[in-house]
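Notes for the structure review
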Amino acid sequence: MYTHNTDLLVIGAGLSGERIAVEAAQAGFSVICLSIVPARRSHSSAAQGGMQAALGNCALGENDHPDVHFADTVKGSDWGCDQEVARMFANTAPIEMRRLAHWGVPWNRVVAGTSFYFKGGEKFEKTEAKEKAGLITARSFGGTAKWRTCYTSDGTGHAVMCTMDNKCAELGIAVLDRKEAIALIHDGQKCMGAVVRCLRTGRLETYLATATAICSGGFGRLYAATTNAIICDGGAAAMALDTGLVPIGNPEAIQFHPTGIVPTEILVTEGCRGDGGTLLDVHEERFMHIYEPQKAELASRDVVARRMLEHIRAGHGVPSAYGEHLWLDIRHLGDEHISTKLREVDEICQNFLGVDPRTQLIPVRPTQHYTMAGIRTNKTGAAYGLKGLFSAGEAACWDMHGFNRLGGNSLAETVVAGGIIGRYVVDYLKNTDLCFSSALVKAELARQQERIDDLMASRLGKENVYAVRKDMQEALTEGCFVFRNAQGLQRCVHILEEVLDRAGKIGLASNGLGANHELGAALKIQGQVRLALCVATAALARTESRGSHNREDYPDRNDAQWLNRTLAYWPQDNRAPKLEYEEATPYFEIPPGDRGYGGGSIIPADAEKIAAKTMQNQE
Amino acid sequence: MARTLTFEIFRYNPAIPEQKPQMQCFTLAETANMTLFIALNRLREEQDPSLVFDFCCRAGICGSCGMVVNGRPRLACQTKTADLPERIILLPLPVFKLVGDLSVDTGVWFRDMYQKTRSWIHTKKAFDSDQEEERMDNAVAEQIYELERCVECGCCIAACGTARMRDDFLGAASLNRIARFALDPRDERTDQDYFEIIGNDYGIFGCMGLLACEDVCPKHLPLQNQLGFLRRKMGITALKQLFRKSSCAS
């Protein structure tokens, strides 16, 4: 038995995981980070946009303040977030950006003088102050009140990931790649570490730890079409859910994007439509104006995605080997515009499709993008249900995003939450003495080995894991996508229940030896289907529309009934999740209001109740 | 269109040492806009689930999927089958330890490199959360980022003549890492410090100048410029050392 002991075990070595690791190592604790891929290949590195922080250094960010950032975040969440957490985030973000600068991130800096920028196709002038030259600058991103998004050219996530991983190397933190956690070790009260499959040898190992932090990113790969990296498959979230004790917060809160390329679903920016790009159907005719006469292609992200799907369902999609899609047309924008302002789009089309967008149409369809949903934690990052278990980043529902995440807030969350939660983890480690039961560890290890043996010998059935996975992905994509209704969701739940049965009867077609991928997929499929059922069941239960959760049959935001957070548990041996609810926020700094976009009316909550929970003006 | 592609793929599973390494043939109907990411996943899901290869971001950002495609190291995710002949030969990257089939262990190699190059900012200054950040010229920040774009795919190492002959050669990715820190005003290391790391045959003086590293770099990093820059810088440092030694001796 390969057993490792450490103070802190981090599952997932992306930005939030490594940030927590750094905090613990600096306080003198031993840390092991486990990752499916080498740390720098984590999905954090794919985030290109940037990190929101109210530094207020650039001209169009002048007079920015954490208060303004906080307000943007709360509105963005459609009042679904925990306002205490959003406040901690907004206040800490500027300090964290400066810390990253000290550690080595090559942030773009303020350049003094006059320059031009474009907004809605129009040209404007701005002048950067001399006294701010050389400070961290920001760009406009995600419809915020101020230019607040700190960035490094077109690779913010990559650059910050390099710096964070360098910091881990400097501190001598053990960052081990090709290690996949498959089960938590716990006694019903406390988490003691994890059983881990080595993806080099296929062997099981155990990691015992006083504190365990799950920082494994989102779970977009539950959907058939997602912008997420293939490792964002929900394996670790499902592992937490499988304990029967730890809930997933707001599983129905999932964000989508209208234009992923087909196949591979790499994002092309919404700037294409902003700049005059159009959407075409199988007849190469525009259609958005039929559904949205006023705004056509410029309607909001969710509306465009919904209309695209409606149009495909009406039989106007373009058939392809990868399913139906539509066309994005930017040919008329011309070579100069495409080569300069849409260079990234040009490169994606050339590199991944072999399409020249100057002369050819780009195949696109709506795609899953971000999970606000995640392992529910309190403000210290401690997971509900098990002591010693923490979670941060996209994996967690901490919950600063509520029902809609702002662009630039998710990447910032990784490091800001990682820092804050890292300090709470240190407190926990200082005050905790953990006794491990070797019988418990051996029992969990034996249970996992038995699962592997069953799969390799096809003892429970002969279902093909890839076929089962595909059916799960298609069910969720069909029934629980951008716009949802009772009929579609009921069907989705029903199909997923059948898929879950089949997921328990997988048998391997290959021998499963060594770095075998099929075995890895088979070990997590049941947990993934359970997670998918949490998403669909919670979406069916929430009879309102809030943020990214859009119910066609309940278009209003219903604060009277639904100003709350879903907690989805999977009690052991259950065939369905158990849903509970808690108040969205301990108090309101900003009482519920209209966020000013997204449409739909609001059914207000009881005014007295809201007033009683609203903070009085600070002196 | 509608070609039938023939894939010849290197197969070896170290967990079954009694099975000898071999090339295995697969055929697949080509579809529109197909990349090797699409093709290899179809082969695994539809034909042989034991096939081992690595992908992660599948968008040319993470560097997981370096392999030798028809004789050339490259990222599989941004290789379109339409740009390849009907017969496609796939081999794992050389130099790195084999995990299985097309998958190699770049993770351990690069973590070792971080320690060899001491790949972090060396500064005696402590972070002060109350202070404004230290200022930096934007042009310098952009130059640093230009070199930080390396995705550690290992293509430059696999294509390097010296690295193929000697295991201890640092290779272009590592030397580029040194160049990145040498450029950074926050790093207090001197030329002498860098000379300790790369002023030798397994460092900058081991490079034979064959240029393949830059030819195969999927991020088009200016590797030859950086190697040239370091060679000059380290050459001058060596001369200074020699001069200092001889003046001490006299």
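**Re the overall build of chain A**
Per the secondary structure count, chain A includes 17 helices and 24 strands. The C-alpha radius of gyration computed for chain A amounts to 24 Å, which stays within 12% of the reference 25 Å derived for 619 residues, consistent with globular compactness. C-alpha extents for chain A along the principal axes are approximately 70 × 55 × 55 Å. Partitioning the contacts of chain A with sequence separation of at least 6, the portion at a separation of at least 24 is 72%. A total accessible area of about 21,900 Å² is found for chain A, and carbon and sulfur atoms account for 48% of it. Positive and negative side-chain charges of chain A, numbering 65 and 74 respectively, have mean locations separated by a distance of 3 Å.

**Considering the overall build of chain B**
What chain B contains, in helices and strands, is nine helices and seven strands. Based on the C-alpha atoms only, the size of chain B along its principal axes is roughly 70 × 45 × 35 Å. In chain B, 62% of the contacts between residues at least 6 apart in sequence involve partners at least 24 apart. Accessible area for chain B stands at about 11,200 Å²; split by element, carbon and sulfur atoms hold 52% of it. When the 31 positive and 33 negative side-chain charges of chain B are each reduced to one mean point, those points stand 4 Å apart.

**Notes on the domain arrangement of chain B**
All names here are of chain B. On domain assignment, one finds that chain B holds domain 1 (4-103) and domain 2 (117-249). For domain 1 versus domain 2, the distance between C-alpha centres works out to 32 Å. Taken together, the contact pairs 14 residues of domain 1 with 14 residues of domain 2. Together domain 1 and domain 2 conceal approximately 1,000 Å² of surface at their shared face, both sides included; 68% is due to carbon and sulfur atoms. When residues of domain 1 are sorted by the area they lose upon contact with domain 2, Pro-73, Pro-94 and Val-95 head the list and together hold 38% of the total. Taken together, domain 1 and domain 2 are joined by zero salt bridges. Across the contact surface, domain 1 and domain 2 share two residue pairs in polar contact (both at pLDDT 80 or more).

**Re the sheet that holds strand 15 (residues 362-371) of chain A**
Residue and element names in this part refer to chain A. The strand order 12-15-14-13 describes an open sheet built from four strands, whose pairing is antiparallel. In this open sheet, the two strands that pair with only one neighbour each are strand 12 (254-261) and strand 13 (278-280). Each neighbouring strand pair of the sheet contributes to a mean axis angle of 45°, computed without reference to strand direction. Bridge analysis of strand 13 against strand 14 (residues 326-329) gives three bridges, and the strand direction is antiparallel.

**Comments concerning the interface of chain B and chain A**
With 69 residues of chain B at the interface, the matching set in chain A holds 78 residues. Counting each side, the surface lost to burial between chain B and chain A is near 5,700 Å², with a carbon and sulfur contribution of 54%. Put simply, chain B and chain A have six salt bridges between them. For the interface between chain B and chain A, the tally reads 46 residue pairs in polar contact (both at pLDDT 80 or more). Residue composition of the side of chain B that touches chain A, grouped by class: 31 nonpolar, 18 polar and 20 charged.

**Focus on the pattern of salt bridges**
Residue and element names in this part refer to chain A. A full pass over the atoms with the stated rule returns 73 salt bridges over all chains. Across the salt bridge formed by Arg-273 and Glu-270, the nearest N and O atoms sit 2.7 Å from each other. For Arg-273, a relative accessible area of 5% gives the class buried. For Glu-270, a relative accessible area of 23% corresponds to the partly exposed category. By sharing partners, the salt bridges in this structure join Asp-78, Glu-252, Arg-542, Glu-544, Arg-546, Arg-557, Asp-559 and Arg-595 into a single network.

**Side note on the packing of aromatic side chains**
All told, the structure shown has 13 aromatic pairs over all chains when counted by the stated rule. Residues A:Trp562 and A:Tyr581 carry aromatic rings whose centres are separated by 5.4 Å and whose planes lie at 75° to one another, so their mutual orientation is edge-to-face. Separated by 19 residues along the polypeptide, A:Trp562 in helix 16 (residues 559-562) and A:Tyr581 in strand 23 (residues 578-583) bring together distant segments of the chain. For A:Trp562, a relative accessible area of 10% puts it in the buried group. Centre to centre, the rings of B:Trp109 and B:Phe110 are 4.9 Å apart; their planes meet at 65°, and the pair counts as edge-to-face.

**Here we look at a nonpolar patch on the surface**
Among the surface-exposed residues, B:Met165, B:Met208 and B:Leu210 lie close enough to one another that they form a single nonpolar patch of about 350 Å² accessible area. As for its position among the elements, B:Met165 is in helix 5 (residues 161-165).

**Regarding the packing of helix 1 (residues 15-26) of chain A against helix 11 (residues 409-430) of chain A**
For any two helices packed against each other, the geometry is given by the interaxial angle and the distance between the axes. Residues and elements named next belong to chain A. Interaxial distance between helix 1 and helix 11 falls to 7 Å at its minimum, and their mutual angle equals 30°. Both helix 1 and helix 11 take part in a crossing whose hand is right-handed. Within the contact between the two elements, helix 1 uses Leu-15, Ser-16, Arg-19, Ile-20, Glu-23 and Ala-24 and helix 11 uses Leu-411, Thr-414, Val-415, Gly-418, Gly-419, Ile-421, Gly-422, Arg-423, Val-425 and Val-426. Broken down by class, the residue content of the contact of helix 1 with helix 11 amounts to eight nonpolar, five polar and three charged.

**Overview of the pairing of strand 4 (residues 72-75) of chain B**
All names here are of chain B. The alternating pattern of strand 4 places Pro-73 and Leu-75 on a buried face and Arg-72 and Arg-74 on a face that is not buried. Examined bridge by bridge, strand 3 (residues 66-69) and strand 4 share four bridges and lie antiparallel to one another. Bridge assignment links Val-68 to a residue of strand 4, and that residue is Pro-73. The turn joining strand 3 and strand 4, which pair antiparallel and follow one another in sequence, is formed by two residues; a positive phi near 45° is taken by Asn-70.

**A closer look at the side chain of A:Thr278**
Residue and element names in this part refer to chain A. With respect to the helices and strands, the residue Thr-278 is situated in strand 13. The exposure class of Thr-278 is buried, given its relative accessible area of 11%. Once residues within four sequence positions are removed from consideration, Thr-278 is found in contact with Arg-286, Glu-297, Trp-327, Leu-328, Asp-329 and His-332.

**Observations regarding the packing of helix 14 (residues 486-503) of chain A against helix 15 (residues 517-541) of chain A**
All names here are of chain A. Following both chains from N to C, one finds helix 14 and helix 15 inclined at 165°, their axes separated by 9 Å at the closest point. As far as their axial angle goes, helix 15 and helix 14 are roughly antiparallel. Of the two elements, helix 14 crosses helix 15, and the hand of that crossing is left-handed. Together, Ala-486, Leu-489, Gln-490, Cys-492, Val-493, Leu-496, Glu-497, Val-499, Leu-500 and Ala-503 of helix 14 and Ile-525, Gln-526, Val-529, Arg-530, Ala-532, Leu-533, Ala-536, Thr-537, Ala-539 and Leu-540 of helix 15 make up the contact between the two elements. By residue class, the composition of the contact of helix 14 with helix 15 is 15 nonpolar, three polar and two charged.

**Remarks on the pairing of strand 12 of chain A**
Residues and elements named next belong to chain A. Of all eight residues making up strand 12, eight are buried, and the element is well covered by its neighbours. Pairing geometry for strand 12 and strand 15, over six bridges, is antiparallel. Each residue of the ladder has a partner; that of Ile-254, found in strand 15, is Thr-371.

**Notes on unusual backbone geometry**
Trans peptide bonds make up the majority, and among non-glycine residues the majority have a negative phi. Following A:Val262, the chain continues into A:Pro263 via a peptide bond in cis, with omega recorded as -5°. Along the chain, the position of A:Pro263 falls in the loop between strand 12 and helix 6 (271-274). Even without glycine at this site, A:Glu284 takes up a positive phi of about 60°. Counting through the fold element by element, A:Glu284 comes out in the loop between strand 13 and helix 7 (288-291). With relative accessibility at 45%, the residue A:Glu284 sits in the partly exposed group. Positive phi, normally seen in glycine, also occurs at B:His220, with a value near 50°. On the secondary structure map, B:His220 appears in the loop between helix 8 (212-216) and helix 9 (223-249).

**Some remarks on the nonpolar core**
Counting 77 residues, the largest nonpolar core has A:Ile214, A:Leu476 and A:Leu496 as its most contacted members. Ranked by residues supplied to this core, first place goes to helix 15 of chain A with 13 residues. Aside from chain neighbours lying at most four places away, what touches A:Ile214 is A:Ile11, A:Leu184, A:Ala236, A:Met239, A:Ala240, A:Ile375, A:Leu389, A:Phe390, A:Ser391, A:Ala392 and A:Ala395. Core analysis: the next-biggest nonpolar cluster, separate from the first, contains 67 residues, A:Ala229, B:Ala76, B:Leu84 and B:Val151 among them.

About the thresholds
- Residues numbered from 1 in each chain as written.
- Chains lettered and ligands numbered in written order.
- Predicted model: local features only at pLDDT ≥ 70, side-chain atom pairs only at ≥ 80, totals over all residues.
- Heavy atoms only, no water.
- Helix = DSSP H or I, 4+ residues; strand = E, 2+ residues; numbered from the N terminus.
- Rg over C-alpha atoms; globule rule 2.2 N^0.38 Å.
- Contact = heavy atoms within 4.5 Å.
- Areas by Shrake-Rupley, 256 points an atom, 1.4 Å probe, with all protein chains shown as cover.
- Lys, Arg positive; Asp, Glu negative; His and termini not counted.
- Charge placed at Lys NZ, Arg CZ, Asp CG, Glu CD.
- Domains from an automatic or database assignment.
- Buried area = accessible area lost by both parts, 1.4 Å probe.
- Salt bridge = Lys/Arg side-chain N within 4 Å of Asp/Glu carboxyl O.
- Polar contact = N/O pair within 3.5 Å; in protein donor to acceptor, adjacent residues only side chain to side chain.
- Pairing = 2+ DSSP bridges.
- Axes fitted to C-alpha atoms, helices over the stretch in contact; angles between N-to-C directions.
- Nonpolar A, V, L, I, M, F, W, Y, C, P; charged D, E, K, R; others polar.
- Buried < 20%, exposed > 50% of the residue type's maximum accessible area, 1.4 Å probe, protein only.
- Phe/Tyr/Trp six-rings, centres within 6.5 Å; stacked < 30°, edge-to-face > 60°.
- Patch = residues over 30% accessible without salt bridge, like charges linked within 9 Å, V, L, I, M, F, W, Y side chains within 5 Å.
- Left-handed = near helix turned anticlockwise from the far one by under 90°.
- Parallel < 35°, antiparallel > 145°, perpendicular 65-115°, else oblique.
- Core = buried A, V, L, I, M, F, W, Y, C linked by side-chain atoms within 4.5 Å.

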